[in-house]
Amino acid sequence: MRWKGRAQSGNVEDRRGLSGGKVAAGGGIGVLVVVALVWLLGGDPSQVIDSLQTTGGQYATGDSTAIKAEAELAEFASVVLKDTEDIWRAIFREMGQTYREPTLVLFSGAAESACGYSSSATGPFYCPGDEKVYIDLSFLDDLQRKLGAVGDFAMAYIIAHEVGHHVQKQLGISDQLQSLRGRVSETEYNKKLVRLELQADFFAGIWAHYAQKTKGILEEGDVDEAVNAAAAVGDDRIQMQSQGYVVPDAFTHGTSEQRKSWFLKGFRSGDLNQGDTFSSAE
Ligand SMILES: [Zn+2]
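Described below are features of the structure shown in this document. Predicted, not measured: the structure shown is a model, and the values here were computed from it.

Going through the model one piece at a time under the given rule, you end up with 14 salt bridges. Salt-bridge contacts for R2 lead to E219; the nearest nitrogen and oxygen are separated by 4.0 Å. Taken as a pair, R2 in the segment before β1 (12-14) and E219 in the loop between α8 (186-215) and α9 (222-232) lie far apart in primary sequence, 217 residues in all. The partner of R89 in a salt bridge is E101, and the shortest N-O contact between them spans 2.7 Å. In this pair, R89 is assigned in helix α4 (residues 64-94) and E101 in the loop between α4 and β2 (103-107), connecting sequence segments 12 residues apart. Classification of E101 by relative accessible area gives partly exposed; the value is 33%. One connected set of salt bridges, linked through shared partners, spans R6, K82, D83, D86, R89, E101 and K215.

Printed below as a string of structure tokens:
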């Protein structure tokens with residue numbers, strides 16, 4: 001994905017390293033994560049490993065390579081967020097509405113949100129209560145190592161999916177669903193939640209469609225990366241976790257096949273009207 005040097009969003013809240021101490025000085029995420037991220041972003045991890053060896057296996061204050069890797073990652077996330085802002089602003093304008101930009105919170109370890117307390121084990125999530133997307137960068141390390149999804153566009157897809165939940169909130173779709181809670185059986189409600197997740201994948205596909213059309217961001221293999229990421233985080237691959245009304249992103253996402261298919265539908269059509277995952281028989 002082409003992202004270097006492109007405009008960044010002003011809506012990133014960087015909470016990494018807020019826990020204090022030595023690790024925080026280096027930026028707040030673990031060594032393995034840094035190595036994985038350098039690799040994900042097309043850098044040379046051996047440079048990081050070399051610099052780690054000289055500091056006894058722990059990167060310390062002033063380790064410029066590790067800090068640079070993190071800064072690069074934060075920049076990447078910010079560029080992707082900016083793309084989603086530009087694209088959804090235009091789509092909302094066409095519908096005669098004004099898009100409210102969400103905030104992206106980068107955190108390490110755990111985060112406090114209007115949806116409660118979440119650890120990194122939750123995975124990335126969107127909190128409708130404060131309209132913020134929360135991402136612990138170590139999730140991306142998991143994505144690559146445990147689930148086998150690699151590449152920068154995979155990461156962009158994850159961000160675009162979370163922003164998709166924000167779009168659902170603004171369109172009133174998630175509120176409608178929430179109003180059914182307790183009024184329909186749990187099984188029925190969970191089925192609807194899966195549809196909500198698949199629609200966020202569809203919205204990520206819409207984003208990719210217009211990002212390509214207006215900015216030409218895609219490189220060879222990028223769509224495969226996104227589709228692999230979609231497949232890797234299907235609920236048949238990740239253990240279910242309930243988080244109340246945090247739109248729960250390690251929970252009921254539909255099968256890998258369904259996720260791929262809805263992402264591709266959004267990507268190929270670019271047509272919002274084709275995204276009614278709720279009435280679809282699939
Ligand atoms: Zn989701």
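So that's the structure; there's more coming.
Mapped onto the elements of the fold, D130 is located in the loop between β5 (125-127) and β6 (132-136). Only 3.2 Å separates the side chain of D130 from the backbone nitrogen of K132, close enough to count as a polar contact. Separated by 2.6 Å, the side chains of D130 and Y134 make a polar contact.

Next up on the list: α8. The end-to-end C-alpha separation of α8 is 43 Å, in line with the 44 Å expected for 30 residues at 1.5 Å each. G216 sits one or two positions beyond α8 and adopts a positive phi of about 55°.

This paragraph deals with the nonpolar core. Judged by nonpolar contacts, the single largest core of 50 residues is most densely connected at M1, W88, F153, Y157, W207 and F263. Of all the secondary-structure elements, those providing two or more residues to this core are α4, β2, β6, α6 (152-170), α8, α9 and α10 (256-269). Take this core: its biggest share by element is 11 residues, from α4. When residues no more than four places from it in sequence are discounted, the contact partners of F263 are F153, Y157, D201, F202, A204, G205, A208, V223, A226 and V227. Counting 6 residues, the second largest nonpolar core, distinct from the first, contains F107, A111, F125 and Y134.

On to the packing of α6 against α8. Between α6 and α8, the least distance of the axes is 7 Å, while the angle of their chain directions is 115°. Every pair of crossing elements has a handedness; the one defined by α6 and α8 is right-handed. Each of F153, A156, Y157, A160, H161, G164, H165, V167 and Q168 in α6 lies in contact with α8, whose residues at this interface are L196, E197, Q199, A200, D201, F203, A204, W207 and A208. Considered class by class, the residues forming the contact of α6 with α8 number 11 nonpolar, 5 polar and 2 charged.

The strand order β1-β2-β6-β5 describes an open sheet built from 4 strands, whose pairing is mixed. Each end of this open sheet is capped by a strand with a single partner; those strands are β1 and β5. The mean angle between the axes of side-by-side strands here comes to 25°, regardless of whether they run parallel or antiparallel. Summarising the sheet, β5 and β6 pair through 3 bridges and their orientation is antiparallel. Bridged to C127 within β6 is K132. Strands in contact with α6 are β5 and β6; relative to β5, the strand with the most contacts, it is inclined by about 25°.

On to the state of the cysteines. Tallied over the entire structure, the rule returns 1 disulfide. Each sulfur in the disulfide pair C115 and C127 lies 2.1 Å from the other. Judged by the sign of its S-S torsion, about 95°, the bond between C115 and C127 is right-handed. Residue C115 is located in the loop between β3 (110-113) and β4 (116-119), and its partner C127 is located in strand β5; the two are separated by 12 residues in the primary sequence.

For the rest of this paragraph, the subject is unusual backbone geometry. At E131, a position not held by glycine, the phi torsion is positive, near 55°. Tracing the sequence through the fold places E131 in the loop between β5 and β6.

About the cut-offs
- Residue positions within a chain follow its written sequence, with the count starting from 1.
- This being a predicted model, a pLDDT of at least 70 is required before a residue's local features are given, and a value of 80 or more before pairs of side-chain atoms are given or counted; all residues contribute to the totals for chains, interfaces and linings.
- Excluding hydrogens and water, the side-chain figures rest on all heavy atoms present in the structure.
- By definition here, a salt bridge exists when the distance from a side-chain nitrogen of Lys or Arg to a carboxyl oxygen of Asp or Glu is within 4 Å.
- Numbering of helices and strands starts at the N terminus; helices are DSSP runs of H or I of at least 4 residues and strands are runs of E of at least 2.
- For each residue, the accessible area found with a 1.4 Å probe, counting protein chains only, is set against the maximum for its type, and the residue is called buried under 20%, exposed over 50%, and partly exposed in between.
- In the analysis that follows, any N or O atom pair within 3.5 Å is treated as a polar contact, provided that within protein one partner can donate a hydrogen and the other can accept it, and provided that, for residues neighboring in sequence, both atoms belong to side chains.
- A helix is expected to span 1.5 Å for every residue after the first.
- For this analysis, a nonpolar core means a set of buried residues of the types Ala, Val, Leu, Ile, Met, Phe, Trp, Tyr and Cys, connected via side-chain atoms within 4.5 Å.
- By definition in these notes, contact holds between two residues if any of their heavy atoms fall within 4.5 Å.
- Helix axes use the C-alpha atoms of the stretch in contact, all axes being lines fitted to C-alpha atoms, and the angles between their N-to-C directions lie in the range 0 to 180 degrees.
- It is the rotation of the near helix from the far one that decides the hand of a crossing: anticlockwise by less than a right angle makes it left-handed, clockwise makes it right-handed.
- Three categories are distinguished: nonpolar for Ala, Val, Leu, Ile, Met, Phe, Trp, Tyr, Cys and Pro, charged for Asp, Glu, Lys and Arg, and polar for the others, with Gly belonging to the last.
- Strand pairing is assigned whenever DSSP detects at least two bridges linking the two strands.
- Note on terminology: disulfide denotes any pair of cysteine sulfur atoms within 2.5 Å.

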